[in-house]
Structures are given as structure tokens and as C-alpha cells.
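Read off the chains here:
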Amino acid sequence: VDFLPPPLEVPDGVFNTWTITEQPDDSMDISEEVSTDIIYKFFDKLTNSGDEACIYLLKLVAHLVQYPATKPEVGVFFTSVQGSGKDTFYKLLTLLIGESLTSINSDPDNVFGKYNIDSRLNKLVLVLQEADNLRAYSGKIKDTITCKTANLANKGTKQITVKDYTRLFVFSNNDNILKIEPD
């Protein structure tokens, strides 16, 4: 049993838990130009940091869709006032890749604690919402962003080590939720 997003090959005898089953509608005419202005404007409002941040976020989302098996090793932290679109961004990601590949939690223990399998197993997007003080989780946050594997467990079960392709997004209404150490 393994989680092998495309383009990873599935070896003989391995059950792949990759779950995207919906295929694009072949009858859709994709030759027509489609405006992405509304997405750009939304990302610009969400990042509130100018063109460079907006384009970076657009490329990061495109990377998620185009290369799900390549972990970018960056975390995205949104600190903004309520109503700026953080939850809408999560809904957009869910629409793009499917609900089964996303996880949203408001309790860091569900994500970084001992019993984390429900929020982490076979996920490409992990969102920590309403995050206030994450200083105690700094090391685990860094591991989630950079490590290629994750140790997951549930109560009453043995810990397992799985390949990890998770992209971490943190949503907060407060500044200074995490101390970032230089490398």
C-alpha cells in the first residue's frame, strides 16, 4: 500500500491509494481563451503584498495541480484580517484537487501531535486555520514543510511512516504566530 500521485509509477503488487477519479470532460472546448483575471485579483487581495507575491501563489497552486508528487518544500502563512479570503482559498484548493486530498484543522495537535493520521494520511494540502501561537510546533512545522516522509499514528494503532507530499498553508488573523529561525 502506498500513496503515489502522478507521475510516479506504481510498482507491481502495490496498491496505490491515490484517489483522484474524476477526469476532465472531453467535450469541453479548451482552445478558447479563458480569463484568469478574477483568480489573479483574488490572489492579489489575499496576499496583499503586490504582484510578486500574487504570481508566486499562482505558480505554487499551478505546481500543486501539475506536479502533485513533487513537494515544493515551502510553507505559506497568511496573516490577515477576518474576511480577507483565507477560507475561500481553501475552498478553491478543494475544488481543484478534491476534498479527499485536503485537510483543514484548527487544532495543531491534530496535525503535529501523536495521533495525526486522520488529518495527514494521503493529503496534498494541509491547512491550519485560526492559528494563534505555533511557537511550540516550530520544529514539526519545519519537518512538515521539508521532510519527504511523515510518521503517522492513531490511538490503538502502530505508528507508520509514509511518503509525504503535503503542502502546508497556515491561516491566522494575528501577526507573529511563529518564530522562524534562519538556516
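Before any of the text, the structure's been laid out above.
These lines cover the structure that appears in this document, whether it is placed above or below. In this text, all values refer to a predicted model and were calculated from it rather than measured experimentally.

For the rest of this paragraph, the subject is the environment of Gln159. Within the fold, Gln159 resides in the loop between β4 (149–152) and β5 (160–163). The spatial distance from the C-alpha of Gln159 to the C-alpha of Tyr115 is 9.0 Å, given a sequence separation of 44 residues. Apart from the residues within four sequence positions on either side, Gln159 is in contact with Asn151, Leu152 and Ala153.

We now examine the environment of Thr88. On the secondary structure map, Thr88 appears in helix α3 (residues 86–97). Each C-alpha atom, one on Thr88 and one on Phe42, is 9.4 Å from the other, the two residues being 46 residues apart in sequence.

Moving on, we get to the packing of helix α2 (residues 51–66) against α3. Remark: α2 packs on α3, axes separated minimally by 10 Å, with the N-to-C direction vectors making an angle of 30 degrees. Judged by the inter-axis angle, α2 sits roughly parallel to α3. For the pair α2 and α3, the crossing hand works out as right-handed. Two secondary-structure elements touch here, α2 through Leu57, Val61, Leu64 and Val65 and α3 through Phe89, Leu93, Leu96 and Ile97. Here the contact of α2 with α3 is built from residues that sort into 8 nonpolar, no polar and no charged.

Here we take up the pattern of salt bridges. One pass over the structure, following the stated rule, counts 4 salt bridges. For the salt bridge of Asp2 with Lys163, the shortest nitrogen-to-oxygen distance reads 2.8 Å. Here Asp2, found in the segment before α1 (37–47), pairs with Lys163, found in strand β5; they are 161 residues apart in sequence, far enough to count as distant. Relative accessible area serves as the criterion here: at 38%, Lys163 is assigned to the partly exposed category. As a salt-bridge pair, Arg120 and Asp164 come within 3.2 Å of each other at their nearest N and O atoms. Pair noted here: Arg120 is in helix α5 (residues 117–120) and Asp164 is in the loop between β5 and β6 (167–172), with a separation of 44 residues, a long-range link. The structure contains a network of salt bridges with shared partners spanning Lys71, Arg120 and Asp164.

Cut-offs applied
Residues numbered from 1 in each chain as written. Predicted model: local features only at pLDDT ≥ 70, side-chain atom pairs only at ≥ 80, totals over all residues. Heavy atoms only, no water. Helix = DSSP H or I, 4+ residues; strand = E, 2+ residues; numbered from the N terminus. Contact = heavy atoms within 4.5 Å. Axes fitted to C-alpha atoms, helices over the stretch in contact; angles between N-to-C directions. Parallel < 35°, antiparallel > 145°, perpendicular 65-115°, else oblique. Left-handed = near helix turned anticlockwise from the far one by under 90°. Nonpolar A, V, L, I, M, F, W, Y, C, P; charged D, E, K, R; others polar. Salt bridge = Lys/Arg side-chain N within 4 Å of Asp/Glu carboxyl O. Buried < 20%, exposed > 50% of the residue type's maximum accessible area, 1.4 Å probe, protein only.

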